[in-house]
Amino acid sequence: ENRCRPVRSQLKQLQLQRQDLERELEIAMAPLEQAPKMPGPDCLSWVNSNWFTSICNVVVAVNLVVMFKFGECDDQLPCLVFDNAVLVWYLVEQFLNISYYQKMYFIGDWKVVIWNWLDCAIVVSGLMESWLLPCLGNDSSLPVNITSLRFLRIFRVLRFLRLLKAFLNSDMAWCESPKFELF
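What comes next concerns the included structure. (Residues numbered from 1 in each chain as written. Predicted model: local features only at pLDDT ≥ 70, side-chain atom pairs only at ≥ 80, totals over all residues. Heavy atoms only, no water.)

Observations concerning the packing of helix 2 (residues 50-70) against helix 3 (residues 77-101)
Reasoning step 1: Packing of helix 2 against helix 3 brings their axes to within 11 Å, and their N-to-C directions diverge by 150°. When the axes of helix 2 and helix 3 are compared, the pair comes out roughly antiparallel. Between helix 2 and helix 3 lies a crossing of left-handed hand. Between helix 2 and helix 3, the residues in contact are Phe52, Ile55, Cys56, Val59, Val60, Val62, Asn63 and Val66 and Phe82, Val86, Trp89, Tyr90, Glu93 and Leu96, respectively.
Reasoning step 2: Of the residues that constitute the contact of helix 2 with helix 3, the class distribution is twelve nonpolar, one polar and one charged. (Axes fitted to C-alpha atoms, helices over the stretch in contact; angles between N-to-C directions. Helix = DSSP H or I, 4+ residues; strand = E, 2+ residues; numbered from the N terminus. Parallel < 35°, antiparallel > 145°, perpendicular 65-115°, else oblique. Left-handed = near helix turned anticlockwise from the far one by under 90°. Contact = heavy atoms within 4.5 Å. Nonpolar A, V, L, I, M, F, W, Y, C, P; charged D, E, K, R; others polar.)

Let's talk about the packing of aromatic side chains
Reasoning step 1: Enumeration according to the criterion identifies eight aromatic pairs in this entry.
Reasoning step 2: A ring pair is formed by Trp51 and Phe52, whose centres lie 6.2 Å apart and whose planes are at 85°; its orientation type is edge-to-face.
Reasoning step 3: Given the relative accessible area of 6%, Phe52 is considered buried.
Reasoning step 4: Both rings, one in Phe106 and one in Trp117, keep their centres 4.6 Å apart while their planes meet at 50°; by these two values the pair is tilted. One end of the pair, Phe106, is in the loop between helix 3 and helix 4 (110-136); the other, Trp117, is in helix 4, and eleven residues separate them in sequence.
Reasoning step 5: Since its relative accessible area comes to 22%, Phe106 is described here as partly exposed.
Reasoning step 6: In textbook terms, an aromatic cluster arises when at least three aromatic residues are bridged by ring pairs, as seen for Tyr100, Tyr101, Tyr105, Phe106 and Trp117. (Phe/Tyr/Trp six-rings, centres within 6.5 Å; stacked < 30°, edge-to-face > 60°. Buried < 20%, exposed > 50% of the residue type's maximum accessible area, 1.4 Å probe, protein only.)

Digging into the pattern of salt bridges
Reasoning step 1: In this structure the tally under the stated criterion is two salt bridges.
Reasoning step 2: Here Glu22 makes a salt bridge to Arg18, at a shortest N to O gap of 3.0 Å. Here Glu22 and its partner Arg18 are both found in helix 1 (residues 4-29), four residues apart, which amounts to about one turn of the helix.
Reasoning step 3: Owing to a relative accessible area of 42%, Glu22 belongs among the partly exposed residues under this scheme.
Reasoning step 4: Look at Arg18 and you get exposed, because its relative accessible area is 56%. (Salt bridge = Lys/Arg side-chain N within 4 Å of Asp/Glu carboxyl O.)

Considerations on the side chain of Glu93
Reasoning step 1: Note that Glu93 resides in helix 3.
Reasoning step 2: Under the relative-accessibility criterion, Glu93 is labelled buried at 9%.
Reasoning step 3: Setting aside anything within four residues of it in sequence, one finds Glu93 in contact with Phe52, Cys56 and Arg162.

Regarding unusual backbone geometry
Reasoning step 1: A positive phi angle is found at Gln102, which is not glycine, with a value near 50°.
Reasoning step 2: Within the fold, Gln102 resides in the loop between helix 3 and helix 4.

Examining the nonpolar core
Reasoning step 1: With nine residues, the main nonpolar core is built from Met38, Leu44, Val47, Phe52, Cys56, Leu96, Tyr100, Tyr101 and Tyr105.
Reasoning step 2: Only helix 2 and helix 3 provide two or more residues apiece to this core.
Reasoning step 3: One finds Leu64, Met67, Tyr90 and Val123 within the second-largest nonpolar core, a separate group that totals seven residues. (Core = buried A, V, L, I, M, F, W, Y, C linked by side-chain atoms within 4.5 Å.)

Section: the packing of helix 2 against helix 6 (residues 160-169)
Reasoning step 1: Interhelical geometry of helix 2 versus helix 6 gives an angle of 145° and a closest axis separation of 9 Å. In terms of crossing hand, the pair formed by helix 2 and helix 6 is left-handed. Contacts between helix 2 and helix 6 involve Asn57, Val60, Ala61 and Leu64 from the former and Phe160, Arg162, Leu163 and Ala166 from the latter.
Reasoning step 2: Of the residues in the contact of helix 2 with helix 6, the class split is six nonpolar, one polar and one charged.

Such coordinate-based values are descriptive only and should not be taken to indicate function.
See the structure below:
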């Protein structure tokens, strides 16, 4: 009986390992779940692609570099053109995302839609600061003090969060490959 006890214990462990491996095999052999179909038109599916996201992140990075390198240069024509071009890009990107994701853009898993709400707030603040406030001028008869709305500039700095979002959502598995570890 004493000689059988260690063998029975080892057999029990092996049976448990076998059950675990069978469960893993069953999961591995199960068909992959299809990603949910987006409610928007299929012709906009590229909005969800890595290359489009990369282009958007490059625009954000260039915008941040220019913003920090040159600071406030609102009076200079090249700065105005650049700021407006970037704002148009953000508007187009926002429009494309909302067109493709539709209600899923703002409603869904909070870990996903919180970034979309932030993006929308950044774009709306940019619209107000760059296009709406200059149209209103400094008219003292307005119910809102225009200079107090300059706090919207803080949203410009929040654009770096879009880069953080891209980093957090990226697939970094390639960093663990043997080729990468050669460095």
